[in-house]
Amino acid sequence: MKVFISADIEGTAITATREGCRPGEFEYERSRREMTAEVVAAAEGARAAGADLVVVKDAHGPGLNLLPEEMPEYVQLIRSWSRSPELMVEGLDESFDAALFVGYHNAAAEEGNSLSHTINGGVVHRITVNGLPGSEFLIYSWMAAWYGVPSVFLAGDRALCEAGKTLHPSLVTVPVKEDVGGRSQGLSPALAHRLIREGAEQALRQDLAAARITLPEHFRVELTYKSHRDAYTKGFYPGAERVDAVTLAYESDDWYEVNRFLLFAI
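Residues numbered from 1 in each chain as written. Predicted model: local features only at pLDDT ≥ 70, side-chain atom pairs only at ≥ 80, totals over all residues. Heavy atoms only, no water.

Here the focus is the pairing of strand E5 (residues 124-129). Summarising the sheet, E5 and strand E9 (residues 219-225) pair through five bridges and their orientation is antiparallel. In the strand pairing of E9, Thr128 is matched with Glu222. Two elements, E5 and strand E6 (residues 132-133), share two bridges in a ladder whose sense is antiparallel. Looking at the pairing, Val129 lines up with Leu132 of E6. Between E5 and the antiparallel strand that follows it, E6, lie two residues; Asn130 among them carries a positive phi value of about 50°. (Pairing = 2+ DSSP bridges. Helix = DSSP H or I, 4+ residues; strand = E, 2+ residues; numbered from the N terminus.)

Moving on to the nonpolar core. Across soluble globular proteins, you tend to see nonpolar side chains buried next to one another. One finds Leu92, Trp255 and Phe261 to be the most contacted residues of the largest nonpolar core, which totals 48 residues. For this core, the elements supplying multiple residues, two or more each, are strand E4 (98-104), E5, helix H2 (136-146), helix H3 (158-167), E9, strand E11 (247-252) and helix H6 (255-265). No other element matches the eight residues that H2 contributes to this core. Ignoring any residue separated from it by four or fewer positions in sequence, one finds Phe261 in contact with Leu223, Tyr237, Ala240, Leu248 and Tyr250. Judged by nonpolar contacts, the second largest core, of 39 residues, contains Met35, Leu100, Val174 and Ala192. (Core = buried A, V, L, I, M, F, W, Y, C linked by side-chain atoms within 4.5 Å. Buried < 20%, exposed > 50% of the residue type's maximum accessible area, 1.4 Å probe, protein only. Contact = heavy atoms within 4.5 Å.)

Attention now moves to the pattern of salt bridges. Tallied over the entire structure, the rule returns 12 salt bridges. The partner of Arg30 in a salt bridge is Glu27, and the shortest N-O contact between them spans 2.5 Å. One salt bridge connects Glu198 with Arg194, and the closest N-O pair in it is separated by 3.3 Å. Taken together, the residues Glu198 and Arg194, both in helix H4 (residues 189-204) and four residues apart, mark about one turn of the helix. Connected via shared salt-bridge partners are Arg220, Glu222, Glu241 and Glu251. (Salt bridge = Lys/Arg side-chain N within 4 Å of Asp/Glu carboxyl O.)

Next up on the list: the packing of aromatic side chains. For any pair of aromatic rings, geometry is given as the distance between the ring centres together with the angle between the planes. Across all of its chains, the model carries 13 aromatic pairs by this definition. A ring pair is formed by Phe101 and Tyr104, whose centres lie 5.2 Å apart and whose planes are at 85°; its orientation type is edge-to-face. Using a relative accessible area of 1% as the deciding quantity, one classes Phe101 as buried. For Tyr104, a relative accessible area of 0% puts it in the buried group. Their ring planes at 65° and their centres at 5.5 Å tell us that Tyr237 and Phe261 sit as a pair that is edge-to-face. You can see Tyr237 sitting in the loop between helix H5 (228-234) and strand E10 (241-244) and its partner Phe261 sitting in helix H6, a full 24 residues away along the chain. Residue class for Tyr237 comes out buried when judged on its relative accessible area of 12%. Counting every residue linked through ring pairs, the aromatic cluster contains Tyr237, Tyr250, Phe261 and Phe264. The cationic tip of Lys57 hangs over the ring face of Trp81; the distance from NZ or CZ to the ring centre is 3.6 Å. (Phe/Tyr/Trp six-rings, centres within 6.5 Å; stacked < 30°, edge-to-face > 60°. Lys NZ or Arg CZ within 6 Å of the ring centre and 35° of its normal.)

The subject of this paragraph is unusual backbone geometry. Residues other than glycine seldom take positive phi values, yet Arg83 does so here, at roughly 65°. Tracing the chain through its elements places Arg83 in the loop between strand E3 (75-78) and E4. A positive phi angle, close to 65°, is found at Ile119, a residue other than glycine. Inspection of the secondary structure puts Ile119 in the loop between E4 and E5.

The strand order across the open sheet built from five strands is E6-E5-E9-E11-E10, with neighbouring strands paired in antiparallel fashion. Both edges of this open sheet fall to E6 and E10, since each of them pairs with a single strand only. Two elements, E9 and E11, share six bridges in a ladder whose sense is antiparallel. Bridge pairing links Val221 to Tyr250 in E11.

Below, the structure written as structure tokens:
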């Protein structure tokens, strides 16, 4: 079995502030160690379920957060970025049996995580996809689905886990935190690691073929910026529609083309 893991940091059990997610700032080293431990727990669960190879994409910030020396022998780690439209699932293709998501957080302009955002919190106010909040999990689990790969496991904040189940009926989730406003309340790391390990194994022992979803036939994405200047500049992308001073819309029948637009627009 070949398994892909996409890892972020804001949805881990202990992250609470922007500074804790930025290299060189207060609490970052603790945050990256927790991100690493949660990824290793998911990889161990995948191994217990029969995975021969686990490929991990470090999908936060510089893509250099996970500690390579902590990775088990059966893990290959993707660091930094090629800036392909797959972005947070760069390296994933049709050869994988399943995709797992660890450390993920709720969408921009949505509650449930003190660090909620989508792709670039400094630029994006909100993204919707066919009227749904456009979380990074929605965007990149649907990219996995575009390749025919089922997304079967998600660890992150409770709000995102609840939304994720509506997108992928076979999804196994492990909520590790439940934030209110700027306050973060998470599980103990030891408990989070155990639940992630057990959840990943459970997710991969199911009928993976039955866990595949069918993507919508058509996509309308609305991207609202924090600045009208970004909407003006990015509005020159072919097919982009100006909705108002800060919002662009883009429509396609092809989810890959939507991600090509998002790569340019964000």
